[in-house]
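Below are the chains, spelled out letter by letter.
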Amino acid sequence: MELTFDQLIEKCKKCSKCRLRSTATQVVPGDGNPKADIMFIGEGPGKNEDIEGVPFCGAAGKFLDELLASIDVKREDVFITNMVRCRPPGNRDPEDDEIQACREWTNAFIKIITPKVFVLLGRFAMAKFFPKLKISQVHGNAYRKWNRLFVIMYHPAVALYNGSFRDTLTNDMTILREILDGDESRVENLDDEKNEIKDMLEKKREEKKGEKSQLGLNL
Ligand code: URA
């Protein structure tokens, strides 16, 4: 039986599938509108998020709120989550296996909310959908893929360490306003047949690699 949104949140809160849970205060599933058209995906909870149980409620979150206000979007109208939902100790980067362990929740939130637009905050969220892209080259770009729209942004925390990124992020955010206003002239379409075939072949290659490594053949 499919879970409701509230049931999903409650189940996620009880997760202890990876090592991050043992050092975190609590699981931070996500926050916002279960019927949102826009889903923001960050990296993982920081110190404040770990204490409050709410994503992006610390300094990076304050800047995210400013970015939302700059394009006249209300936080309560979007849904915000992370690639990992327990704070990595000392705010280190999440490890691959931790992201994999949390993937079930990321996918479940996507399935239940079915957003039209994803805003990928930082390289970890970007890598889920576009593993080959480099954020320094594609931040501020928007793509249509699998009939969904993806906006790629630097993580708001970068602006806390280097103030010059504030303008970059504010400027990059304007493409989301355009999309919401129905202007997709800057959106690049990656949904064509050629790309789908390429993706399919790539997936098959990856699956084959997986099968071989499971057999102990590191080819
Ligand atoms: N950084 C993130 O990636 N997520 C949060 O929730 C807070 C800071």
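Numbers given to residues run from 1 along each chain, matching the order in which its sequence is written. In view of the model being predicted, local features appear only for residues whose pLDDT reaches at least 70, and side-chain atom pairs are presented and counted only at 80 or more, with totals across whole chains, interfaces and linings using the full set of residues. The side-chain figures draw on all heavy atoms in the structure; neither hydrogens nor water molecules are used.

Engineer: Can you help me understand the packing of helix α4 (residues 59-70) against helix α9 (residues 165-180) in this one?
Structural biologist: Two packed helices can be described by the angle between their axes and the distance between those axes. Between N-to-C directions, angles span 0 to 180 degrees; the directions come from axes that are lines fitted to C-alpha atoms, helices contributing only their stretch in contact. Runs of E in the DSSP output that reach at least two residues are strands. Runs of H or I that reach at least four are helices, and both are numbered from the N terminus. Interaxial distance between α4 and α9 falls to 9 Å at its minimum, and their mutual angle equals 40°. Here α4 is positioned oblique relative to α9, judged by the angle of their axes. Taken as a pair, α4 and α9 cross one another with a handedness that is right-handed. Between α4 and α9, the contacting residues are Phe 63, Glu 66, Leu 67, Leu 68 and Ser 70 on the first element and Arg 166, Leu 169, Thr 170 and Met 173 on the second. When residues are grouped by polarity, Ala, Val, Leu, Ile, Met, Phe, Trp, Tyr, Cys and Pro land in nonpolar, Asp, Glu, Lys and Arg in charged, and all others, Gly among them, in polar. Within the contact of α4 with α9, the residues separate by chemical class into 5 nonpolar, 2 polar and 2 charged. Reported orientations rely on four angle classes, namely roughly parallel under 35 degrees, roughly antiparallel over 145, roughly perpendicular from 65 to 115, and oblique for the rest. Helix crossings fall into two classes, left-handed where the near helix is turned counterclockwise from the far one by less than a right angle and right-handed where it is turned clockwise. We call two residues contacting when some pair of their heavy atoms lies within 4.5 Å.

Engineer: Could you clarify how one ought to interpret the pattern of salt bridges in this entry?
Structural biologist: Any two side chains of opposite charge can pair if their charged atoms end up close together. Every case where a carboxyl oxygen of Asp or Glu lies within 4 Å of a side-chain nitrogen of Lys or Arg is listed as a salt bridge. Tallied over the full model, the rule gives 17 salt bridges. The shortest N-O distance in the salt bridge between Asp 31 and Arg 75 comes to 3.6 Å. Of this pair, Asp 31 sits in strand β1 (residues 31-32) while Arg 75 sits in the loop between α4 and β3 (79-82), and the two are 44 residues apart along the sequence. The class of Asp 31 is partly exposed, set by a relative accessible area of 29%. A salt bridge links Arg 123 to Asp 93; the nearest nitrogen and oxygen atoms lie 2.9 Å apart. Highlighted residues: Arg 123 in helix α6 (residues 123-129) and Asp 93 in the loop between β3 and α5 (96-113), separated in sequence by 30 residues. One continuous salt-bridge network, built from bridges that share partners, spans Arg 19, Arg 92, Glu 95, Asp 97 and Glu 98. Classification of residues uses two cut-offs on accessible area relative to the type maximum, computed with a 1.4 Å probe and protein chains only: under 20% is buried, over 50% is exposed, and between them is partly exposed.

Engineer: Help me understand the site of the ligand in this model?
Structural biologist: Here a residue is near a molecule or strand as soon as one of its heavy atoms is found within 4 Å of it. As a structural note, the neighbourhood of the ligand is formed by Gly 42, Glu 43, Gly 44, Glu 49, Pro 55, Phe 56, Asn 82 and His 155. In this structure, an oxygen atom belonging to the ligand sits 2.7 Å away from a main-chain N or O atom of Glu 43. Nitrogen and oxygen atoms within 3.5 Å of one another constitute a polar contact, given that in protein one can donate a hydrogen and the other can accept it, and given that sequence-neighbouring residues count only through two side-chain atoms. For the ligand, a nitrogen atom lies 2.8 Å from a polar atom in the side chain of Asn 82. To measure how exposed things are, a 1.4 Å probe is used in the Shrake-Rupley method; for residues, cover is taken only from the protein chains shown. Taken by itself the ligand offers 240 Å² of open surface, and the protein chains cover 92% of this. In this structure, the ligand is accommodated by the second largest pocket. For the shell around the ligand, a count of residues per class yields 2 nonpolar, 4 polar and 2 charged. Definitions used for this entry: grid spacing 1 Å over protein atoms alone; cavity, a set of points where a 1.4 Å probe fits but cannot get out; pocket, an open set with protein on both sides within 12 Å along at least 5 of 7 lines; lining residue, one with an atom within 4 Å of a point. Just a note on the criterion: a molecule sits in a pocket or cavity if more than half of its atoms are within 2 Å of the grid points.

Engineer: It is not clear to me how the nonpolar core should be interpreted in this structure. Could you clarify?
Structural biologist: Looking at soluble globular proteins, one finds that nonpolar side chains tend to be buried together. Among buried residues, the Ala, Val, Leu, Ile, Met, Phe, Trp, Tyr and Cys ones that are joined through side-chain atoms within 4.5 Å form a nonpolar core. Ranked by size, the top nonpolar core spans 62 residues in total, and within it Phe 40, Phe 109, Leu 120, Phe 130, Val 151 and Leu 176 carry the most contacts. Here this core gets 6 residues from one element, more than from any other, and that element is α5. Aside from chain neighbours lying at most four places away, what touches Leu 120 is Ile 41, Ala 125, Met 126, Phe 129, Phe 130, Phe 150, Val 151, Ile 152 and Met 153.

Engineer: What exactly am I supposed to notice about the environment of Ile 9 here?
Structural biologist: Here Ile 9 is to be found in helix α1 (residues 5-13). For Ile 9, a relative accessible area of 12% translates into the label buried. Spatially, the C-alpha atoms of Ile 9 and Asp 31 are 9.4 Å apart, while their sequence positions differ by 22 residues. Once residues within four sequence positions are removed from consideration, Ile 9 is found in contact with Pro 29, Gly 30 and Phe 109.

Engineer: Just to check I follow, could you spell out the sheet that holds strand β2 (residues 38-42) for this structure?
Structural biologist: Two modes of strand pairing occur in sheets, parallel and antiparallel, and in both the strands are linked by backbone hydrogen bonds. Here, a strand pair is defined by DSSP locating no fewer than two bridges between the strands. Spatially, the 7 strands line up as an open sheet ordered β1-β3-β2-β4-β6-β5-β7, and their pairing is mixed. Each end of this open sheet is capped by a strand with a single partner; those strands are β1 and β7 (187-189).

Engineer: Sorry if this is basic, but what is going on with the environment of Thr 106 here?
Structural biologist: Within the secondary structure, Thr 106 sits in helix α5. For Thr 106, a relative accessible area of 1% translates into the label buried. In this structure, the C-alpha to C-alpha distance between Thr 106 and Leu 190, residues 84 residues apart in sequence, is 22 Å. Excluding residues that lie within four positions of it along the chain, Thr 106 makes contacts with Asn 82, Met 83, Arg 85 and Lys 128.

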